[in-house]
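# Tertiary structure, described
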Amino acid sequence: MTEPPEQVEQHPATGLDDVVHQRVRLGILTVAHQARRVEFGFLRTALGLTAGNLSQHLTVLEKAGLIAVEKGYEGRRARTWLTLTAAGDRALQDEVTQLKRLIQQIENARPESSAHGS
Amino acid sequence: MTDASVPVNGTPHEVLAGLGELTRKVRAAQRGTWFPLLLLGGLTTGGILVARLTHQVLTVPCVGDPAGADCTLVRQGSPLYWPIGLALAYLATAVFYVRRARNRGVGTAIRPYVLTGIALLAAVSATSLWATRNGMPQPGAPLDLWGLHLDPAAPATRLLQRLMGDALAVGLPLLVLARVERSRVLLLLAVLYLAIELVPLGTGWAGIPITSPWSALPRYAVPGALLLLGALGFALAERPRERTAS
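This report concerns the structure included in the present document. (Residues numbered from 1 in each chain as written. Chains lettered and ligands numbered in written order. Predicted model: local features only at pLDDT ≥ 70, side-chain atom pairs only at ≥ 80, totals over all residues.)

### Some remarks on the environment of S55 of chain A
- Residue position: S55 of chain A is located in helix α3 (residues 51-63).
- Along the backbone, S55 of chain A and R44 of chain A are 11 residues apart, and their C-alpha atoms lie at a distance of 9.5 Å. (Helix = DSSP H or I, 4+ residues; strand = E, 2+ residues; numbered from the N terminus.)

### So, the nonpolar core
Residues and elements named next belong to chain A.
- By size, the foremost hydrophobic cluster in this structure holds 61 residues, and its most contacted members are L29, V31, A32 and V38.
- Broken down by element, the residue count for this core peaks at seven residues, all from helix α1 (residues 23-35).
- With residues up to four places along the chain from it excluded, the contact list for L29 reads V20, L66, L84, G88 and L92. (Core = buried A, V, L, I, M, F, W, Y, C linked by C-beta atoms within 7 Å. Buried ≥ 20, exposed ≤ 12 C-beta atoms within 10 Å, placed from the backbone. Contact = placed C-beta atoms within 7 Å.)

### So, the interface of chain B and chain A
- If you look at the interface, chain B gives 22 residues, while chain A gives 20 residues.
- Considering every element that reaches the side of chain B that touches chain A, the biggest residue donor is helix α1 (residues 12-30) of chain B, with 10 residues.
- Residues of the side of chain B that touches chain A, tallied by class, amount to 12 nonpolar, six polar and four charged. (Nonpolar A, V, L, I, M, F, W, Y, C, P; charged D, E, K, R; others polar.)

### What to know about the packing of α1 of chain A against helix α2 (residues 40-47) of chain A
Residues and elements named next belong to chain A.
- Direction vectors running N to C along α1 and α2 enclose 130°, while the axes themselves pass 11 Å from each other. The orientation of α1 with respect to α2, classified from their angle, is oblique. At the point where α1 passes α2, the crossing takes the right-handed sense. Judged by residue contacts, V24, G27, I28 and V31 of α1 engage L43, A46 and L47 from α2.
- Tallied by class, the residues present in the contact of α1 with α2 amount to six nonpolar, one polar and no charged. (Axes fitted to C-alpha atoms, helices over the stretch in contact; angles between N-to-C directions. Parallel < 35°, antiparallel > 145°, perpendicular 65-115°, else oblique. Left-handed = near helix turned anticlockwise from the far one by under 90°.)

Take a look at the structure:
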């Protein structure tokens, strides 16, 4: 008789989403979450990016359904605003949860490794 | 501007710290605490002038006195001042926050503050209307408030009166604003304001007799000064951020 396979808890790193787990995109989602609605120029300054680079990341996030982009005019000035979608909000929460689990795992492993070293 | 707030190859700790720094930056861009504090402080200190201009000392027959002795009745304050003043303050705050957020390129979470303000405005207006229709209760006369039979002269009634008046109309929205802006300093200021409002700094305080046209001065000057100093402090604290942001 074979024993049922032991359930192995997945490492938190496997739960990280490749679309979200990227420096700039994670920054965009964080700013959009706090700001509720954020303008392209504010994001560019806050993240220290060129307009082209930021646009590329916004396209990736928009295609993944994590943000909604709204283009319009204020007077003669063209402005682009973006908001976080429900899926984007969930993805950001998941990412932060996984990062916290990773930290927890690293901190839990620390006493063991220091005990081996002594 | 090179402001890479989230580390490229950081540890999870560094990544979370970077996200926290970005969040603080957005909150700083969203805040405009000095403006509502300035309005509420101005409204409160303006109450001194309104009380001075509407001050009346009347001699009326004492209620429940068979001998028919005369009592002194002091009237001051306008039933229109707080409802109109608060309405304009909340309207101006909403416009200020929306325009500021649009200019800075971020959204605003001012709606809960404005909605609380409007709800309180309705409560203050209803209280003013009730007081106008029923007149000021005399000492010793029973006061019915939502089934409670209160004595206007009792300390508990006076405490309730203070809590239902300016303290509620100004202090509660400040607590909501502190929550919206995640500001511990504003929370402290709101709690301090409510504590000052609940201390019986009534008439006769600071050697000013009840019949003096300036008898309302300490009641409005102390909380008003606190709000105006708070506005000054927040305005100064926001200045360096504006300079670095530009």
